[in-house]
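This is what each chain is made of:
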4 protein chains.
Amino acid sequence: MTGTMQSDFVTAQVENPELVDRRRSQIVAAAVKLFGDRGYYTVTIKDIAKEAGISTGLIYQYFQNKEDVLLLTLMERLDRYKDDVTKAIASEVDPLQRLHAAYAACCRVVDTNKEATVLAYRSFRSLDPSRRKHVLNREREINALLADCVRHCQRAGLIRGIDINLVCSHLASMAHAWALQSWRFDRGYSVDQYIADSFDLLTKGMLAIDCVPSSPQTVTT
Amino acid sequence: MTGTMQSDFVTAQVENPELVDRRRSQIVAAAVKLFGDRGYYTVTIKDIAKEAGISTGLIYQYFQNKEDVLLLTLMERLDRYKDDVTKAIASEVDPLQRLHAAYAACCRVVDTNKEATVLAYRSFRSLDPSRRKHVLNREREINALLADCVRHCQRAGLIRGIDINLVCSHLASMAHAWALQSWRFDRGYSVDQYIADSFDLLTKGMLAIDCVPSSPQTVTT
Amino acid sequence: MTGTMQSDFVTAQVENPELVDRRRSQIVAAAVKLFGDRGYYTVTIKDIAKEAGISTGLIYQYFQNKEDVLLLTLMERLDRYKDDVTKAIASEVDPLQRLHAAYAACCRVVDTNKEATVLAYRSFRSLDPSRRKHVLNREREINALLADCVRHCQRAGLIRGIDINLVCSHLASMAHAWALQSWRFDRGYSVDQYIADSFDLLTKGMLAIDCVPSSPQTVTT
Amino acid sequence: MTGTMQSDFVTAQVENPELVDRRRSQIVAAAVKLFGDRGYYTVTIKDIAKEAGISTGLIYQYFQNKEDVLLLTLMERLDRYKDDVTKAIASEVDPLQRLHAAYAACCRVVDTNKEATVLAYRSFRSLDPSRRKHVLNREREINALLADCVRHCQRAGLIRGIDINLVCSHLASMAHAWALQSWRFDRGYSVDQYIADSFDLLTKGMLAIDCVPSSPQTVTT
DNA sequence: TATGAATGAGAGTTCATTCAT
DNA sequence: GATGAATGAACTCTCATTCAT
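The structure displayed is predicted, hence computed values, not measured ones. Residue positions are counted from 1 within each chain, in the order its sequence is given. Whichever chain is written first becomes A and whichever ligand is written first becomes 1, with later ones labelled in order. Confidence filtering applies because this is a predicted model: local features only for residues at pLDDT of at least 70, side-chain atom pairs given and counted only at 80 or more, and all residues used for totals across whole chains, interfaces and linings. Remark: hydrogens and water are excluded; side-chain values derive from all non-hydrogen atoms of the structure.

Q: Residue-level account of the overall build of chain A, with values.
A: Strands are runs of DSSP state E lasting at least 2 residues, helices are runs of H or I lasting at least 4, and numbering of each runs from the N terminus. Secondary structure assignment for chain A yields 10 helices and 0 strands. Put simply, chain A runs from its N terminus to its C terminus through helices and strands in the order α-α-α-α-α-α-α-α-α-α. Principal-axis analysis of the C-alpha atoms places the extent of chain A at approximately 65 × 35 × 35 Å. Relative accessibility under 20% of the residue-type maximum defines a buried residue, over 50% an exposed one, and the middle range a partly exposed one, all with a 1.4 Å probe and only protein chains included. Sorting the 221 residues of chain A into buried and exposed places 54% on the buried side. Intrachain contacts of chain A at a sequence separation of at least 6 include 68% that bridge at least 24 residues. Contacts are assigned to residue pairs with any non-hydrogen atoms lying within 4.5 Å of each other.

Q: How would you explain the protein's contact with DNA strand E if you had to name every residue and give the values?
A: Near DNA strand E, the surroundings consist of 35 residues, among which A:Tyr60, A:Lys66, B:Tyr62, D:Arg23 and D:Tyr62 are the closest. Near is defined per residue: the residue qualifies when any heavy atom it owns lies within 4 Å of the molecule or strand. In DNA strand E, the atoms that sit within 4 Å of the protein are 74% sugar and phosphate, with bases accounting for the remainder. The term polar contact refers here to a pair of N or O atoms within 3.5 Å; inside protein, the definition further demands a hydrogen-donor-capable atom paired with an acceptor-capable atom, and it admits residues adjacent in sequence only when both atoms are side-chain atoms. Measuring from a phosphate oxygen of DNA strand E, one finds a side-chain N or O atom of B:Arg23 at 2.7 Å. Backbone polar atom of C:Ile45 to a phosphate oxygen of DNA strand E: 2.8 Å apart, as the coordinates give it. Elements supplying a minimum of two residues to the surface near DNA strand E: α1 (17-38) and α3 (56-62) of chain B together with α1 (17-38) and α3 (56-62) of chain D. Nonpolar residues are Ala, Val, Leu, Ile, Met, Phe, Trp, Tyr, Cys and Pro. Charged residues are Asp, Glu, Lys and Arg, and all others, Gly as well, are polar. In terms of residue class, the surface near DNA strand E is built from 16 nonpolar, 13 polar and 6 charged.

Q: Go over the interface of chain D and chain C with me, naming the residues and quoting the values.
A: In this assembly, 64 residues from chain D lie in contact with 63 residues from chain C. When chain D packs against chain C, the two sides together hide about 6,400 Å² of surface, and 63% of this comes from carbon and sulfur. We define a salt bridge as a side-chain nitrogen of Lys or Arg found within 4 Å of a carboxyl oxygen belonging to Asp or Glu. One can count 4 salt bridges joining chain D with chain C. In this structure, C:Arg160 engages D:Asp200 in a salt bridge whose closest nitrogen and oxygen atoms are separated by 3.0 Å. Run the count over chain D and chain C and you get 19 residue pairs in polar contact (both at pLDDT 80 or more). Listed by contribution, the elements that provide at least two residues to the side of chain D that touches chain C are α5 (95-112), α6 (114-123), α7 (129-155), α8 (164-180), α9 (191-204) and α10 (217-220) of chain D. At 12 residues, the largest contribution of residues to the side of chain D that touches chain C is made by α9(D). Here the side of chain D that touches chain C is composed, by residue class, of 33 nonpolar, 18 polar and 13 charged. Two parts lose some accessible area (1.4 Å probe) when they are put together, and adding that loss for both gives the buried area.

Q: Give a detailed account of the packing of helix α6 (residues 114-123) of chain A against helix α8 (residues 164-180) of chain A, specifying residues and quantitative values.
A: All names here are of chain A. To obtain an axis, a line is fitted to C-alpha atoms, over the contacting stretch when the element is a helix, and the angle between two such axes runs from 0 to 180 degrees between their N-to-C directions. In contact at an axis separation of 8 Å, α6 and α8 are set at 110° when each is read in the N-to-C sense. One finds that α6 runs roughly perpendicular with respect to α8. Where α6 abuts α8, its residues Lys 114, Thr 117, Val 118 and Tyr 121 lie against His 176, Trp 178, Ala 179 and Leu 180. Taken together, the residues of the contact of α6 with α8 sort by class into 5 nonpolar, 2 polar and 1 charged. Small angles under 35 degrees read as roughly parallel and large ones over 145 as roughly antiparallel, with 65 to 115 read as roughly perpendicular and the rest as oblique.

Q: Before we move on, can you summarise the protein's contact with DNA strand F with the specific residues and values?
A: In the region of DNA strand F, 36 residues are neighbours, and A:Arg23, A:Tyr62, C:Val14, C:Arg23 and C:Tyr62 sit closest. Close to the protein, within 4 Å, the atoms of DNA strand F are drawn from sugar and phosphate at a rate of 71%. Here a base nitrogen of DNA strand F and a side-chain polar atom of A:Gln61 are 3.2 Å apart. Taking D:Ile45, its main chain carries an N or O atom lying 3.0 Å from a phosphate oxygen of DNA strand F. Mapped by element, the contributors of at least two residues to the surface near DNA strand F are α1 (17-38) and α3 (56-62) of chain A, α1 (17-38) and α3 (56-62) of chain C together with α3 of chain D. Each residue belonging to the surface near DNA strand F can be placed in one class, and the counts come to 16 nonpolar, 14 polar and 6 charged.

Q: An account of helix α2 (residues 45-52) of chain D is requested, with residue identities and associated values reported.
A: All names here are of chain D. Ile 45, Ile 48, Ala 49 and Ala 52 are the residues of α2 that are buried. One side of α2 carries all its buried residues, which in axial view fall inside an arc of 100°. Along α2, exposed side chains directed more than 90 degrees from the buried face belong to Lys 46 and Lys 50. Residues of α2 that are buried in the fold lie against α1, α3 and α4 (66-90). Directions from the helix axis toward the C-beta atoms define the arc.

Q: Residues and numbers for the relation of the copies chain D and chain C, please.
A: Structural alignment of chain D on chain C gives an RMSD of 0.2 Å, achieved by rotating through 179° and translating 0.0 Å along the axis. Within this description, the copies of the chain are treated as partners about a two-fold rotation axis. Here 98% of the interface residues in chain D have copies in chain C that are interface residues too; the copies meet face to matching face. When the copies are overlaid, the least-squares fit takes in C-alpha atoms only where the residue has pLDDT of at least 70 in both copies.

Q: Got a sec to walk through the side chain of A:Glu67? Specific residues and values, please.
A: Residues and elements named next belong to chain A. If you trace the backbone, Glu 67 turns up in helix α4 (residues 66-90). Residue Glu 67 is classed as buried on the basis of its relative accessible area, which comes to 19%. Engagement of the side chain of Glu 67 in a polar contact is seen with the side chain of Arg 131, the distance being 3.3 Å. With residues near it in sequence (within four places) discarded, Glu 67 still touches Tyr 40, Ser 126, Leu 127, Asp 128 and Arg 131.

As structure tokens, then:
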């Protein structure tokens, strides 16, 4: 199971696992809020402690340093992300509907967690290489879920033989865009509408001339 | 013209405009390199001064504070971005080829400037609201260029009546993905290939069943 | 008797005297080891608790604060010191042999407890004045044992009428030097040899010309 | 020349060598006073800055960290020590008088700098191994001066064939004792008297029976 | 104009001590 | 009696910014 504050790469001084879980959740909740609003560097440990309603020293009983707080903050979101996507595709059998369900789940996670999504982009590079690896691994696991959906569609002959990496990048980018480029969209524009529109665009493309449109690729090379 | 270090929102203590231009370029060049590598907060003014080969004090003759250095650093990239896209579409007349040229230009700017692209995502929120506005305005100008291309295609009946904002978001996201999600792509995969593949995907969509595919939209709501 | 962990200047919260004795010994044993290795300030109460196999809170049941742990740590060594010297001279009757036995005992205590000897020098001043007094008193008691030996020798006409304080300082310095200046001596050089050589030097002096050497004292004043 | 604040093992951010010299002297002077009174660990960087009349940040322009302040503080005393001894023996030709001059110089350095002498004993072990090496090297240089005097005396047949290390240890211990064991001596007792008395003791020994006294060495083993 | 020494507020982190269990 | 989670004051060190030269 992914969604726990236990972690083999972030160590705590406190031994009671339930307490570790509870306190870390408390601290991460405060961190998500503050990091999301103001970014990693402008938020101090004291700010987090105050927001969490505990003393500064206590944070260091559950995290080795500030960077570990960021790490678990980013990981927690990815855990929820993965869980949501997993649940979303569990009940779907039709390949294309499965893919749609996965994409919709991604968009919804982004929507309910816009700040955290932005934070992920802002702060990933604030982690040192070894911590980045943990985040990337989780990111790849999520990606594998999407890739699987795409692969099923391709096997069913529903999607043409495009590079799966490219398709996944496409899907992820569009989901993230809902948070990262929110300035582009009208206030009234809802996630549901966005999911519908963007999935339509992703699947059917932009061109009006159906079927074999005159590709401008030859120009490229 | 955009590509100058003169700026009405960042003021200098030095009066000679040429000098301002030269010094600011020198400083911004150093900042681009360092911010790109290590991010805004971990780079010090001293680092920038050393990289630029000047004294720390001098930076404050041309910028009011560190945040202004970041602002011009981000702006400079957007200026180049805009110039490149402008030049790219200048010679194209066919609407779709124009769009392709614009998109390709975006991808190439991203490719030659991956670090700066990542920096933009990381550091935009480190700016205060008034400075963000300047960046967003420039971003919108670039977006307008793309939007114009799309509009032309739509008027020519080449692109179907999808919301232009959505299409532009799509285009921008994919261009940025080349830098932001570079971990997804193989080392051997070139920008040119990426441009070709992603533009094909963007325009024609993912579906194998051409023309009217059974849309899964109804599931969404 | 000196060698107990009961103490009228360090108070405990626990009433059972045997328990106080046992726990204090346990804690002081851990403290000796850690303070000896790393000094007073770099060792934490937590370190001591862990080394002693107890909880941090328990230390405060037997000591009022960290400084008291140091005090008893220093005192314990002095207690052993005093006991050893007392025992060593108990069986000797010949004044000079008594003195020799006392000096040899000092050197051996130092030798078996080099770290603690160094600690005493390092950390005495970390105590507040009132605690220092306790250490100094014990130190003076030990000194009195030596002084007594010297006095006996003088009365027996074996030692000339030098100021006893000076002689004692001399003896103590040389004994301590075995730990404090161990870098001066070869690895193969044994305590026994050191005792023999240094006592010979102390008693007979450095000069080759026996009897009345041309003293350079007149130069001094 | 030894007595300068330039140092190849402690680096400064400031380049002007005279300034480095002046500021370091200023800081070390404050540190000597405070460390001497209260020890290394209980004195804060802020204390030193205040005592020196500068800002805390400035200390870090001239020292990399607090430990380096301690290092130079200890080194400075050793430099003066070495200079004083060197000067003292420069004019003496008679081997024994040379030795006496060296010893007297040692005692006088200790006397005018009691706190610093105590500090050296207290704080040497607060240095990390590489820094200790620097101190020990200087200490060995000073020791070499003494050893040289002793050797001359031995060659002249004035001192018997005792191990030179032992003799030097003896001399150094007695000199240091003037500061370390000052509690033993009466207030009225002067350095000059101490030098005279202790040198007499060191050279002629304690025994009243001149010449070949019955050595108690055989008892030792 | 240009320098870089100087400032000092504020960051992350530690640790002696307390106290509910 | 014993535990160890919790506290928060105080530490070392950094760095944006200033200003005398």
